[in-house]
Amino acid sequence: RAHVYTLQKSRLQDGPFRGLADLVARTDLGASELEGLILVGACDCFKLTRPELLFQLKALNLKSTQRQLVPFRMPVPKPALKRPYLTPYSLRERCRYEQDILGFMVSQHPLWFYQSYLVKERLSSTGLAQHAGRCVQLLGWCIAKTQSRTRKGEPMTFMSMEDLVGTFEVTLFPKVYAKYARMTC
């Protein structure tokens, strides 16, 4: 949270960051925090690919936990190395970094990668009302889960699920829970 405050304060005082060197000069973020920001797309506004930004960060020679000490807020010199063009990460790579660092994807909905499983027999959440009382198949991503127990003490769970167009609720009663609990979020 302290890093968020530092970033917000600097932006309010001196305006948007003009590039990675400016971000380093105006904040006390270490290389590991800066790398995380780059990998999740927070520095995409600098109009460089994420690999190019990582190259530039390495050229600044910050240690992973070292804070840039800049007396009197002098700008950090731009790296002397000529930055090569580095190919942007694929959508899959960007999403993997976002999931690993943030715990969720920003660039694309996770189910987008499973579209081949979205066959005609499977409904979307918006079509549930027309199929009340019938057995249907949906493919969803768990966004919330609550564990519970029946009056007899058997485990069960309630899940909020999301597909590409909306949300729906799922209840796993004890028999189904016992069979599929390990596959849930």
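You'll find the structure just up there.
Per chain, residue numbering runs from 1 following the sequence as it is written. In view of the model being predicted, local features appear only for residues whose pLDDT reaches at least 70, and side-chain atom pairs are presented and counted only at 80 or more, with totals across whole chains, interfaces and linings using the full set of residues. Each side-chain value is worked out from all heavy atoms of the structure, with water and hydrogens disregarded.

**Q** Requested: an account of the pairing of strand β5 (residues 167-172), with residues and values cited.
**A** One requirement defines pairing of two strands: DSSP has to find at least two bridges between them. Only DSSP runs of H or I covering at least 4 residues are called helices, and only runs of E covering at least 2 are called strands; the numbering of each starts at the N terminus. Sheet topology places strand β4 (residues 155-162) next to β5; six bridges connect them, and they run antiparallel. By the bridge assignment, F158 is partnered in β5 with T171. The antiparallel hairpin formed by β4 and β5 contains four residues in its connecting segment.

**Q** A description of the environment of F46 should follow, citing residues and the corresponding values.
**A** Position of F46 among the secondary structure elements: in the loop between α3 (31-39) and α4 (50-59). Judged by its relative accessible area of 13%, F46 falls in the buried class. Expressed as a C-alpha distance, the spacing of F46 and F17, which sit 29 residues apart in the sequence, is 8.4 Å. The contact partners of F46, leaving out residues within four places of it in the chain, are F17, R18, G19, L20, L23 and L53. Burial status follows relative accessibility: with a 1.4 Å probe on protein chains alone, a residue under 20% of its type maximum counts as buried, one over 50% as exposed, and anything between as partly exposed. Whether two residues are in contact is decided by their heavy atoms, any of which lying within 4.5 Å being enough.

**Q** Describe the nonpolar core, with residues and values.
**A** Core analysis: the largest hydrophobic core is formed by 19 residues, its most contacted members being L20, L23, L34, I38, L53 and L62. Every element with two or more residues in this core is listed here: α2 (20-26), α3 and α4. Of the residues forming this core, the biggest block, four residues, is contributed by α3. Not counting chain neighbours up to four residues away, the residues in contact with L20 comprise I38, F46, L53, Q56, L57 and L60. Each nonpolar core is a collection of buried residues, namely Ala, Val, Leu, Ile, Met, Phe, Trp, Tyr and Cys, held together in the definition by side-chain atoms within 4.5 Å.

**Q** Tell me about the pairing of strand β3 (residues 141-149), residues and numbers included.
**A** Where β3 and β4 come together, eight bridges link them in antiparallel fashion. Paired with K145 across the two strands is M159, which belongs to β4. With antiparallel pairing between neighbouring strands as the criterion, β3 and β4 make up a hairpin whose turn holds five residues, including G153 at a positive phi of roughly 90°.

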